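Working through the structure, step by step
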Amino acid sequence: MGRRFSKRKNAPARKERDPNETYAEVKKENEQMEEYYKAQNIMSDEEWPVFWNHLKVGLPTTFRITGTRSHAVEIRDTVKNAFVPHLSNISVDGTVADPPRPLAWYPDDLGWHYDVPRTLLKKSPEYAKFHQFLVAETEVGNISRQEAVSMIPPLLLDVQPQHWVMDMCAAPGSKTAQIIEMVHANEQHQVVPSGLILANDADYKRSHMLIHQTKRLQSPCLMVTNHDASMMPSLKLAPNKSGEVVPFEFDRVLADVPCSGDATLRKNPMVWTKWTHGGAMGLHQTQVSILQRGVQMLKVGGRIVYSTCSFNPMENEAVVAEMLNRANGSLELVDVSHELPLLKRRPGLSSWKVFTKEGQEVEKFEDVPADAKGKFYPSMWAPKNAGELHLERCLRVYPHLQDTGGFFVAVLKKTAPFVVPNPGRAAAAEAAAEAAEAAAAVTAAGVETPASEDMSEAKDDTQEEGDVATAGDKHKLDSPAAEGTEAAKKPRMSRAERFGAPGPKEEPFLFLDSDNSDVQLFSRFYGLDEKFPKDQFLVRSEGEKNKTVYFVSEAVKSILQSEEIHRLKVVNTGVRTFIRQDSNTPTECSFRVHSEGIALMHQFVSDARVMAVQLKEVITLLQSPYPKISEFPEAIQQRLTDLPTGCCIFEFDPELEENKDEPNPRWEGQGLTGFVKGKLVFPVWKAQVSFNMLLNKQERRSLAMRLGVDCVDAPHVVEGGAKGTAAKAAAAAAAAAAAAEGETEGDAEATGSEDASMTEETEQA
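These numbers were taken from a predicted model, which means no experiment stands behind them.

Some points on the UniProt feature "active site" (unreviewed entry) in the protein
Per the UniProt record, "active site" (unreviewed entry) is found at Cys309. Considering the arrangement of structural elements, one finds Cys309 in the loop between β11 (298–308) and α11 (317–327). In this structure Cys309 comes out as buried when scored by relative accessible area, which is 4%.

The structure is reproduced here in structure tokens:
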């Protein structure tokens, strides 16, 4: 969701990027940084040269296979069996690369690593084909490009399907996606888990990046919020169906906090030129505040993971030590040395040094010069009881150990209620929160917010646009305030200003009663099972004609129906399950099942609206935009004719395919169904004489590639003529409707693709 620029008349031409331009010209040396970390004694003198030289080498590509267990295994087997065997010993102009390989420590071979020079990608047909596959599966969301070390924190959370989990600083969302997969791990036994994922980010725009990242997983248990993580509000929840009031607390909390990011040198070479001693100073207190709020919202017996992509002990062990001492025995570091046994790591530090921004060591807080006192905190120094805190249980991951980036992780367990060490300060924070809520309420009512309070991009007071981190990266390097720049002279924003972080006004979340006429209509038409919770449907706009109907879990509903929901700024939640389809063809039900909700809904739809099909029917739908009934095998033509006009669900089970053992013409060693091993379901619209597969072009391409067949793109991409015009108009209308419902840009595109296809199909019929 990048920024868009309009093409203005006489606008200056944009500088074209040189395709050969790299970071090679960046001098990968920083004497200050080298001396600083040598002084911290983070490793032995013998190991140091290997570590330091490895920082100067580019980071290899890593990706993670996403989705539910069965679906992820299907994609993994495609990578393993269809591509890897053909990528060994390939040489182009003397350049040879190792084939992709699984990350040794990632469970079930779902994390992958490969390092391929551009020469091979451009000139090797085998690698070009593999790259095309990765791009196609990334577009549809089956593969997520994610740095290897970034995958570690969720794995150490030990998430179970019944857990309530909060990701405090979630954008861009790769870790949140891992958590969603864990909550939905029991896909065969629990359709809608009792667990909850609350993904939060302080920046409104980044929260929408988070929505886009998690969109493919379609979890009714996910909520996306927009708050300063250090001041997440408390709520009194609505009673659940059993009449119990569950406290607004979490079994698991992930605090992957904003940091200086100096462990990202391999992917952010500009860190070499930007690193200074003051980079971490301005972030320390913010990190402590976020971790403390996470501990407060954690259940007794729960686990919280604190992580950064920094080497700096001021952001790592110092923060953890301060929280352990504040907890006064109610928090303990967990020994996770037995978890992820193949992950190479180093123990946390028990001692470290603190320097001024000029590089002078300061042995204790009392020795800080009077004019610099405001930039230091006593908690920056190693506490006297550091040896008793078991800081060696923290994880330090260094790049040279397994060819990764750098990372720090600490796993803590809450053993007793946490008492805030400074009640007065806590009361002041609560008052600031209430003031922010009042300001947000004024904004929501349509009163213009003064410019000084406009927080469309909520940031820590130590973070500025000029920082090293690129868009979509929450890890910042230099704190301008710590460097004495002009930014440091500006008055800091108050906690109350940062707390609200108001973006555009969000549409309300309105639940539909089970006896609502629309709910009754699609429940009757699709024969929804009586056990299905029909009181968990909601809409995002007030009006007589509901356009899109969402479904949420019982846990999400208990939060949305809280009397104090106004305190929580919810940006997005719910899975689109039904969407109203305007059609010229008369139909009993104008609602169709949305492709995003098909995995959830097909288990509750009656057999009357579900049709089992063979591979040849799936291929017909993929290779023909609007196949007529006469194009299908005679054996099912009568059944297709008898189906009422409207939406139905096609179900393809490879195990029932008559000729499944015949060799696949495209995938050597595979049967006729290629790499589609599990049951496949998708929505289809039946007009009077034809059908239309309701999948967008990315989903079509992904499916066709795994089957080993060609396909046509989704009909809405047809250019020119009446159909192309209608398609564009439908896509624009869908995007406008999506925007009115508070959906993301990515969501609008997906809706547009389906709605445009439907418009064309109606015209043809």
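So, next bit.
Structural notes on the state of the cysteines
Applying the stated criterion to the full structure yields 0 disulfides. For the unlinked cysteine Cys309, the closest cysteine sulfur is that of Cys259, found at 3.6 Å.

Thoughts on the sheet that holds strand β23 (residues 591–593)
Pairing in this open sheet of 5 strands is antiparallel, and the strands run β18-β19-β20-β22-β23 from one edge to the other. Both edges of this open sheet fall to β18 (510–511) and β23, since each of them pairs with a single strand only. The pairing of strand β20 (residues 548–551) with strand β22 (residues 575–580) spans 4 bridges and is classified as antiparallel. Each bridged residue has a counterpart across the sheet, and for Tyr550 the counterpart in β22 is Arg576.

Here's the deal with the sheet that holds strand β4 (residues 101–102)
If you trace the 4 strands from one edge of the open sheet to the other, you get β4-β5-β1-β6, paired in antiparallel fashion. Pairing within the sheet leaves two strands with one partner each, and these edge strands are β4 and β6 (143–145). Each of β1 (61–65), β5 (111–114) and β6 touches helix α5 (residues 125–140); the most contacted strand, β6, lies at about 100° to it.

Considering the packing of aromatic side chains
The tally for this structure, following the rule as stated, stands at 35 aromatic pairs. Ring centres 5.3 Å apart and planes at 55° place the aromatic pair Tyr36 and Trp275 in the tilted group. Separated by 239 residues along the polypeptide, Tyr36 in helix α1 (residues 31–39) and Trp275 in the loop between α9 (271–274) and α10 (284–296) bring together distant segments of the chain. Arranged with centres 5.4 Å apart and planes meeting at 55°, the rings of Phe83 and Phe130 form a pair that is tilted. Of this pair, Phe83 sits in helix α3 (residues 69–83) while Phe130 sits in helix α5, and the two are 47 residues apart along the sequence. Considered together, Phe83 and Phe130 belong to a single accessibility category, that of buried residues. In this structure, Lys373 packs its charged tip against the face of Phe365, placed 4.3 Å from the ring centre. A cation over a ring is seen here: Arg540 above Phe509, with NZ or CZ 3.9 Å from the ring centre.

Criteria and cut-off values
The residue count restarts for each chain, going from 1 along the sequence in the order it is written. In view of the model being predicted, local features appear only for residues whose pLDDT reaches at least 70, and side-chain atom pairs are presented and counted only at 80 or more, with totals across whole chains, interfaces and linings using the full set of residues. Excluded from the side-chain calculation are hydrogens and water; included are all heavy atoms of the structure. UniProt positions are given in the numbering used here, feature names are shortened, and annotations may be inferred rather than shown by experiment. Note on conventions: DSSP H or I runs of at least 4 residues are helices, E runs of at least 2 residues are strands, and numbering of each starts at the N terminus. Burial classification: accessible surface area is computed with a 1.4 Å probe over protein chains only, and a residue below 20% of its type maximum counts as buried, one above 50% as exposed, and the rest as partly exposed. Cysteine sulfurs are considered disulfide-paired once they come within 2.5 Å of each other. Pairs of strands are assigned from DSSP output, requiring at least two bridges between the strands. Here a residue-residue contact requires only that any non-hydrogen atoms of the pair lie within 4.5 Å. For helices, the fitted axis covers only the stretch in contact; all axes are lines through C-alpha atoms, and the angles between them, taken along N-to-C directions, range from 0 to 180 degrees. Paired rings are identified among Phe, Tyr and Trp, the last through its six-membered ring, by centres lying within 6.5 Å, and are further divided according to the angle between planes into stacked (under 30 degrees), edge-to-face (over 60) and tilted (the rest). Our definition puts a charge over a ring when NZ of Lys or CZ of Arg is within 6 Å of the ring centre and also within 35 degrees of the ring normal.

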